[in-house]
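Single-letter residue listing:
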Amino acid sequence: MKIQRRALTLALMATPFALHAAEPVKIGFLVKQAEEPWFQDEWKFAEQAAKDKGFTLVKIGIPNGEKMMAAIDNLAAQKAVGFVICAPDVKLGVAVNRAAKRHKLKVMSVDDQLVDGAGKPIAEIPHMGISGYEIGKQVGQALVAEMKTRGWKLDEVGALRVAFDQLPTARDRTMGAIDALKAAGLPAANVVDAPQAKTDTESAFNAANIAFTKNAKFKRWVAVGLNDEAALGAVRAGEGRGMKHDEMLAIGIGGSQTALNEFTKPTPTGFFGTVLISPKRHGYETAVFVYEWATQGKAPPPVTLTAGTLMTRQNQAELRKQMGL
């Protein structure tokens, strides 16, 4: 009888631990603009990773610093083990790192690398992103190639840089594109900056519209920006001023649904192409990295940079199939 009681006592003592062990591992995935197609794609692939690896993904939009900090606290309350983050401001890096340490959460940044008070990348936070400058150069070189195909003279073309310079990767991308255009012979005086308030199509439209008004001497334009939405905003602004698709040439970055929607239109527009970067890698791999780091002690590489490929109306179906999209 005593043996039975002892066995029952041990079983009851073990129950809470068994229940705790059965709780699913939770990984957060925090993004600054949840409504953007790029982040929707990242979430989709992160959910695929969660299904494949057997953890629970917690998706949270963090449009500002206050909501970002609340989201990290929320993850801790849910007993998450770590999170992937694309912060609303990279200068919030110290706050992110401090909160993660306080709650004993593993943290990895994606897309935009977090920086400290001096503007230097925080080395202890692993990062997956792209080389913004090199991706930008790809955009510029693709614009040059298409202008040559069309017989455009570089000295007669205006180059619109839809700018969001407070984000380092945004500046890197647009300056890479402009530098490639200049290297091909575009006069520096032909470059027109159009600062946008946010990184969406509407803000780019408003910025481009002002720039076009002030620089009516150019009859043909090329446009570059941080993402597909920035490039498309410039195209829409040009269309509003009567520019036809053979007078405007824009190439975005991202390969998002925004670009795909433009490619499916029956008549080509000034949105010529996009440099496709892989939301699958950025969503799937970062989520797996954090999961394995938290559960197996396997730290991610300090920095992982992904490459891009030019996608147009002509090759988009084949290219997306190759990338598993």
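Residues numbered from 1 in each chain as written. Predicted model: local features only at pLDDT ≥ 70, side-chain atom pairs only at ≥ 80, totals over all residues. Heavy atoms only, no water.

Engineer: I tried to follow the nonpolar core on my own but got confused; where do I start?
Structural biologist: One recurring pattern in soluble globular proteins is that nonpolar side chains are buried together. Counting residues in each nonpolar core, the largest one holds 46 residues, and the members touching the most others are Phe29, Phe55, Val139, Leu143, Met147, Leu181 and Val222. Excluding its chain neighbours within four sequence positions, the residues that come into contact with Met147 are Trp152, Leu154, Val157, Leu181, Val222 and Leu249. Leu160, Leu232, Ala250 and Phe263 belong to the second-largest nonpolar core, a separate cluster that totals 28 residues. (Core = buried A, V, L, I, M, F, W, Y, C linked by side-chain atoms within 4.5 Å. Buried < 20%, exposed > 50% of the residue type's maximum accessible area, 1.4 Å probe, protein only. Contact = heavy atoms within 4.5 Å.)

Engineer: Explain the sheet that holds strand β4 (residues 106–110) here, please?
Structural biologist: In a beta sheet, neighbouring strands pair by backbone hydrogen bonds and run either parallel or antiparallel. Judged by pairing direction, the sheet is parallel, and its six strands sit side by side in the order β2-β1-β3-β4-β5-β11 without closing on themselves. Bordering the open sheet on either side are β2 (56–61) and β11 (303–306), each of which pairs with just one other strand. Strand-to-strand twist across the sheet, computed as the mean angle between neighbouring axes with direction ignored, equals 15 degrees. Note that β4 and strand β5 (residues 127–130) share two bridges and pair parallel. Counted as the bridge partner of Ser109 is His127 from β5. Relative to β2, helix α2 (residues 37–53) is tilted by about 165 degrees, and along the sheet it contacts β1 (26–31), β2, β3 (82–86) and β4. (Pairing = 2+ DSSP bridges. Helix = DSSP H or I, 4+ residues; strand = E, 2+ residues; numbered from the N terminus. Axes fitted to C-alpha atoms, helices over the stretch in contact; angles between N-to-C directions.)

Engineer: Looking at this structure, how should I read the side chain of Arg173?
Structural biologist: Examined against the element boundaries, Arg173 turns out to sit in helix α6 (residues 168–183). Ignoring any residue separated from it by four or fewer positions in sequence, one finds Arg173 in contact with Ile130, Gly132, Tyr133, Gly136, Leu226 and Ile253.

Engineer: Looking at this structure, I do not really get the packing of helix α3 (residues 65–77) against helix α4 (residues 93–102). What am I missing?
Structural biologist: Packed helices, taken two at a time, are described by their axes: the angle between them and the distance between them. The interhelical angle for the contact between α3 and α4, taken along N-to-C directions, is 15 degrees, at an axis separation of 10 Å. Compared by their axis directions, α3 and α4 come out roughly parallel. Every pair of crossing elements has a handedness; the one defined by α3 and α4 is right-handed. Along the contact surface, α3 presents Met68, Met69, Ile72 and Asp73, while α4 presents Ala95, Val96, Ala99 and Arg102. Here the residues of the contact of α3 with α4 sort into six nonpolar, no polar and two charged. (Parallel < 35°, antiparallel > 145°, perpendicular 65-115°, else oblique. Left-handed = near helix turned anticlockwise from the far one by under 90°. Nonpolar A, V, L, I, M, F, W, Y, C, P; charged D, E, K, R; others polar.)

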